[in-house]
Amino acid sequence: MSKLIEFENGELVAVGNFLAQAKLKGKASRGRTKLIKLIEEKNKEYNEERDTVRDPYFQVDDNGEKIVKDNKYVLKDTSKGKDLDKELADLAEETVGIEFTEYNEKIKALYDALNNYNYELSNADAVIYDLLLDKLEENYEKEGK
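Residues numbered from 1 in each chain as written. Predicted model: local features only at pLDDT ≥ 70, side-chain atom pairs only at ≥ 80, totals over all residues. Heavy atoms only, no water.

Asks: Explain the pattern of salt bridges to me, please; I cannot follow it from the model alone.
Replies: Where charged atoms from two side chains of opposite charge come close, those side chains can pair. Throughout the structure, instances matching the rule amount to 6 salt bridges. A salt bridge links E105 to K27; the nearest nitrogen and oxygen atoms lie 2.5 Å apart. Taken together, the residues span a long stretch of sequence, with E105 in helix 4 (residues 104-115) and K27 in helix 2 (residues 26-54) at a distance of 78 residues. Under the relative-accessibility criterion, K27 is labelled partly exposed at 39%. (Salt bridge = Lys/Arg side-chain N within 4 Å of Asp/Glu carboxyl O. Helix = DSSP H or I, 4+ residues; strand = E, 2+ residues; numbered from the N terminus. Buried < 20%, exposed > 50% of the residue type's maximum accessible area, 1.4 Å probe, protein only.)

Asks: When you look at the packing of helix 4 against helix 5 (residues 123-140) in this model, what are you seeing that I'm missing?
Replies: Any two packed helices are characterised by how steeply their axes cross, that is the angle between the axes, and by the distance between the axes. In contact at an axis separation of 10 Å, helix 4 and helix 5 are set at 130° when each is read in the N-to-C sense. Viewed along their axes, helix 4 and helix 5 adopt a mutual orientation that is oblique. Seen from above, helix 4 lies across helix 5 with left-handed handedness. Across the interface between the two elements, N104, I107, K108, Y111, L114 and N115 of helix 4 pack against Y129, L132, L133, L136, E137 and Y140 of helix 5. (Axes fitted to C-alpha atoms, helices over the stretch in contact; angles between N-to-C directions. Parallel < 35°, antiparallel > 145°, perpendicular 65-115°, else oblique. Left-handed = near helix turned anticlockwise from the far one by under 90°. Contact = heavy atoms within 4.5 Å.)

Asks: Help me out: how do you make sense of the packing of helix 2 against helix 3 (residues 81-93) in this one?
Replies: Relative orientation of the contacting elements helix 2 and helix 3 amounts to 160°, with a least axis distance of 10 Å. The angle between the axes of helix 2 and helix 3 places the two elements in the roughly antiparallel class. The two elements helix 2 and helix 3 cross, and the hand of that crossing is right-handed. Residues Y46, E49, R50, V53 and R54 of helix 2 touch helix 3, and the partners they reach there are L84, E87, L88, L91 and A92. Broken down by class, the residue content of the contact of helix 2 with helix 3 amounts to 6 nonpolar, no polar and 4 charged. (Nonpolar A, V, L, I, M, F, W, Y, C, P; charged D, E, K, R; others polar.)

The values are spatial; any link to function lies outside them.
Right, here's the structure in full:
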């Protein structure tokens, strides 16, 4: 059976950062490492798509490099800033699927460890923990494992 976990593009970094700092051992830690690598691949694709969306909006110099002023790229047309923001927000909300069938055993160990996680979480970490467990449960709870 194929294993798939879905996130919005804009969630990828937060999930990866949460996983990186989680206190895990053994197979669960290995599952974390595999999932982080898969998330990094999807985040790289997302960043490339962001560049594709953003590039037409920015001024470039004679060498084709984006012009920066006050640590920000300079828009070709300032009246189009909201259009750019909308396109980027839509892209951030797009769902991306991460197929992890070949790492199922390790990611199942990660799920089990997170499900029994004994460390206190707060704020953003608690929200990401809940999101990640919800997504993993979609794979493991329905099969009764």
